[in-house]
Amino acid sequence: MADIQLDGKTVTVPDGSMVMHAADAAGTYIPHFCYHKKLSIAANCRMCLVDIEKMPKPMPACATPVTNGMVVRTKSEKALKAQQSVMEFLLINHPLDCPICDQGGECQLQDLAVGYGKSSSRYEEEKRVVFHKDVGPLISMEEMSRCIHCTRCVRFGQEVSGIMELGMVHRGEHSEITTVAGKTVDSELSGNMIDICPVGALTSKPFRYSARTWELSRRKSVSPHDSTGANLIVQVKANQVMRVVPLENEAVNECWIADRDRFSYEALNGDSRLKQPMIKQGGQWQAVDWNTALGYVADGLKRVKAEFGAAGIGALGHVSSTVEELHLLAKIVRGLGSENVDHRLRHADFSAAPAGQARWLGTSVASLSTLERVFVIGSFLRKDHPLFAQRIRQAVRRGGQVYSLNAVHDDWAMPVAGTLTAAPPAWAQQLAEVAAAVAQAKGAAAPVAATPGAHAQAVANALLAGERKAVLLGNAAAQHPQASQLLALAGWIAEHTGATVGYLGEGGNAVGAQIVGALPGPGGLNAGQMLSQPMKALLLLNTEPVLDAANAAAARQALGGSGLVVGLTAFKDTMADVADVLLPIAPFTETAGCFVNAEGRAQSFHGVVKPAGDARPGWKVLRVLGNLLGLPGFDFETAEDVRAAALGDTATLAQRLNNQADVGALSAALPAADGGLQRVADVPIYASDATVRRAVSLQFTADAKAPLVGLPSALWQQLGLAPGAKVRVTQGEASAVLAAREDATLAANAVRVAAGHQATSSLGAMFGAITVERA
């Protein structure tokens, strides 16, 4: 530790700290532009010049290391003159367009110009002009003459998102920030560059010119799109969501959010919003009032129960639904005498944690940043979990090592130390090989007899070394037909290497859904069964059933033959072709609720705007439906009452998280993998749920382009394909003609076909045999 005198106050900071860190610790503000606590030090704006005793000239506080006994003055005449001179230089070329700048009112340059700038400029020469650049649908770079070359955006790309998409070219006053060869900015975290830009050079294209910052009210919320549970500030004007920015929470999302958290709000203001209850009569949709719609649903459910029994009634809830909604949905179904309720729409293996317990991350979200060894199984990490990937990227920058098991290896924007490549049916065998290598090293009995290959041995050796380690199962591992075997093997490996084991998690509330019992009870049908056979009555909550199902073709056929299908949704086109009744419920910005993220953290939030039209919070709709059905226990007054009944004592949540699997259930020899072609399915980042699919700007990004069939190099050459070629992919009786591309990272017998997208919705299961022929 070092003691320094800062403006006459003694401050103690760790050795190696900069003067800026000491100022932060003391609560002293030093003006700055290029310094950001999450980025490396550049010291190129010079705004933070301070007066340090025994130094002949002012020094940058952000890049000057402290020494014991150092005397620093931040408000001396010498320091203030230096800061004022830097401000004069920064304003020389800056355009005088504050009145029309989107950054106006929240601009660091504007604020500091008041304190350190002059009332007039001595500069009489012509100001420079930087031509605008089109870098995609999310970020506007149309006013780059405002740029002060702090390079925050450049360093963000290098250090946080992992892709250097922006850089600086030329020198002196000709310097400018640009993309390489006019390319677009495509990172899934790109919107954070808007937040960290201290001026109006990078602004939000969807928000551009729509409101002034002082007109917006700010309210806290939580993102429903992935298991991070990113904290948000939702900015509202005239009862409409205008912008979403991150709420800093170091333990969850730090000060970042993913682009789908930031821009998905566009769907909430779009034309596809369902604003009135609707009933299908004679094949035509008719708008009705709430009493009519709920009475119709209640009468229909009573009639189905009386005629066919409760076993014909089921319910499916999406993992973006709140704890309260899922609790009441399950309560209605069970109150009617059925156990057919589930949230695992994309799963193929329906083994679950013990009742009242949940599969979870196995460690804290924050700890991902400090891991020394990470073994990721069956995950499209960067697109499925952008903020988890960012934390693991931090761990790699600190010297951590990442290993991956998958059928295909996308660019995770970080160095990957080793990969195991196999088609999905062989994943369990690959894990068995890693376990056998660990067993040999530890002198233990392997859970399954296997002979480790060189790559499996490398993974085992890495996990046996180091201290902070995690074995993480991704969405594809959770949705895998052998998910329970994968968890059992991963758990055995983790236990014998001192690592934690856990699921990265699906959706915003997968852990909460398990805890509140949105799972089939004894004798109940699971999601796979309810979406593969016609039901007499089916309640669908916040889901787009065909696109969210593990087997889209089977789901479409089953729903088409079902009896009463009730859709509780915010969008009128999510299930218009399969539903009989549509009930408009409020999305997360219009209702109070709670999500439980991957680490088991319960985060509650309130509605930030009034529900659109006649929409109502989902928990209220379900409560009234329970009352109309005459079920007991539906007398809740507030969302907090429902939450208390659903979760109980939240202080005990940590005790209800359980990743233990029955290793004894593993067979002595795993089933041999089929030698034919096998499908591996990712869900594109902007097709993950109904809200994201309807966010206009996100659908214009590179990640939202129609999915291509990924083919391994050998198959590509065998079929004689060239770039731009199309192929016919077939699963059973389902087929589709799609554009194809060669992917050299694919396992030799794997074919990558995305799920959750309209272009592939005619196909079958996300995992299983598939055939490919030239179209």
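What you are looking at is a predicted structure, and each value in this text was computed from that prediction instead of being measured.

Side chains that carry opposite charge are capable of pairing whenever their charged atoms lie near each other. This model, assessed by the stated rule, comprises 35 salt bridges. For E254, the salt bridge goes to K38, with nearest N and O atoms at 2.9 Å. Of the two residues, E254 sits in the loop between β13 (240-246) and α6 (259-263) while K38 sits in the loop between α1 (19-26) and β3 (49-52), which places them 216 residues apart along the sequence. The buried category is assigned to E254, whose relative accessible area is 2%. Put simply, R243 and E106 hold a salt bridge, and the shortest N to O gap is 3.0 Å. Taken together, the residues span a long stretch of sequence, with R243 in strand β13 and E106 in the loop between α2 (77-92) and α3 (108-116) at a distance of 137 residues. What makes R243 buried here is its relative accessible area of 12%. A residue is classified by how much of its surface remains accessible, and E106, at 30% relative accessible area, is partly exposed. One network of salt bridges, in which partners are shared, links R346, E544, D548, D573, R693 and R694.

Let us look at the UniProt feature "domain: 4Fe-4S Mo/W bis-MGD-type" (unreviewed entry) in the protein. UniProt's entry tags residues 216-272 with the feature "domain: 4Fe-4S Mo/W bis-MGD-type" (unreviewed entry), counted in the numbering of this structure. For the annotated span residues 216-272, helix accounts for 9% and strand for 35% of the residues, and the straight-line distance between the end C-alpha atoms is 25 Å.

The next thing to look at is the sheet that holds β3. Pairing is mixed in the open sheet, where 5 strands are placed in the order β2-β1-β5-β3-β4. Of all strands in the sheet, those bounded by a partner on one side alone are β2 (9-13) and β4 (59-60). With 2 bridges connecting them, β3 and strand β5 (residues 71-73) associate as antiparallel partners. What sits directly across from I52, in β5, is V72. The strands touched by α1 are β1 (2-6), β2, β3 and β5; relative to β2, the strand with the most contacts, the crossing angle is about 115°.

Further remarks concern the domain arrangement of the protein. One can read the domain layout of the protein as domain 1 (1-41 + 49-74), domain 2 (309-354 + 510-655), domain 3 (365-503) and domain 4 (678-774). The C-alpha centroid of domain 4 is placed 25 Å from the C-alpha centroid of domain 3. At the boundary of domain 3 with domain 4, total buried surface from both sides reaches about 1,300 Å², with 68% on carbon and sulfur atoms. Taken as a group, F380, K383 and V408 account for 33% of the area that domain 3 buries against domain 4, more than any other trio of residues on that side. Counting the contacts that link domain 3 with domain 4 gives 2 salt bridges. Linking domain 3 with domain 4 are 4 residue pairs in polar contact (both at pLDDT 80 or more). Among the residues making up the side of domain 3 that touches domain 4, the classes are represented as 11 nonpolar, 5 polar and 3 charged.

A word on the pairing of β3. Residues of β3 alternate between two faces, with L49 and D51 on one and V50 and I52 on the opposite face, all of them buried. Pairing of β3 with β4 involves 2 bridges; the strand directions are antiparallel. The residue of β4 that forms the bridge with L49 is P60. In textbook terms, the turn of a hairpin is the stretch between consecutive antiparallel strands, and for β3 and β4 this stretch comprises 6 residues, one of which, K54, has a positive phi near 75°.

Pairing between the strands of a sheet is mediated by backbone hydrogen bonds and can be parallel or antiparallel. The strand order across the open sheet formed by 3 strands is β11-β12-β13, and the pairing between neighbours is antiparallel. Edge positions in the sheet fall to β11 (217-222) and β13, since each of these pairs with one other strand and no more. Geometrically, the sheet is characterised by an average inter-axis angle of 35° between neighbouring strands, direction not taken into account. Direction of pairing for β11 relative to strand β12 (residues 231-237): antiparallel, over a ladder of 6 bridges.

Here we take up the state of the cysteines. Across all of its chains, the model carries 0 disulfides by this definition. Cysteine C107 remains unbridged, with the sulfur of C101 as its closest cysteine sulfur at 6.2 Å. Residue classification places C107 among the buried residues on the basis of a relative accessible area of 8%.

Conventions and cut-offs
Residues numbered from 1 in each chain as written. Predicted model: local features only at pLDDT ≥ 70, side-chain atom pairs only at ≥ 80, totals over all residues. Heavy atoms only, no water. Salt bridge = Lys/Arg side-chain N within 4 Å of Asp/Glu carboxyl O. Helix = DSSP H or I, 4+ residues; strand = E, 2+ residues; numbered from the N terminus. Buried < 20%, exposed > 50% of the residue type's maximum accessible area, 1.4 Å probe, protein only. UniProt positions renumbered as here; feature names shortened; annotations may be inferred. Pairing = 2+ DSSP bridges. Contact = heavy atoms within 4.5 Å. Axes fitted to C-alpha atoms, helices over the stretch in contact; angles between N-to-C directions. Domains from an automatic or database assignment. Buried area = accessible area lost by both parts, 1.4 Å probe. Polar contact = N/O pair within 3.5 Å; in protein donor to acceptor, adjacent residues only side chain to side chain. Nonpolar A, V, L, I, M, F, W, Y, C, P; charged D, E, K, R; others polar. Disulfide = S-S within 2.5 Å.

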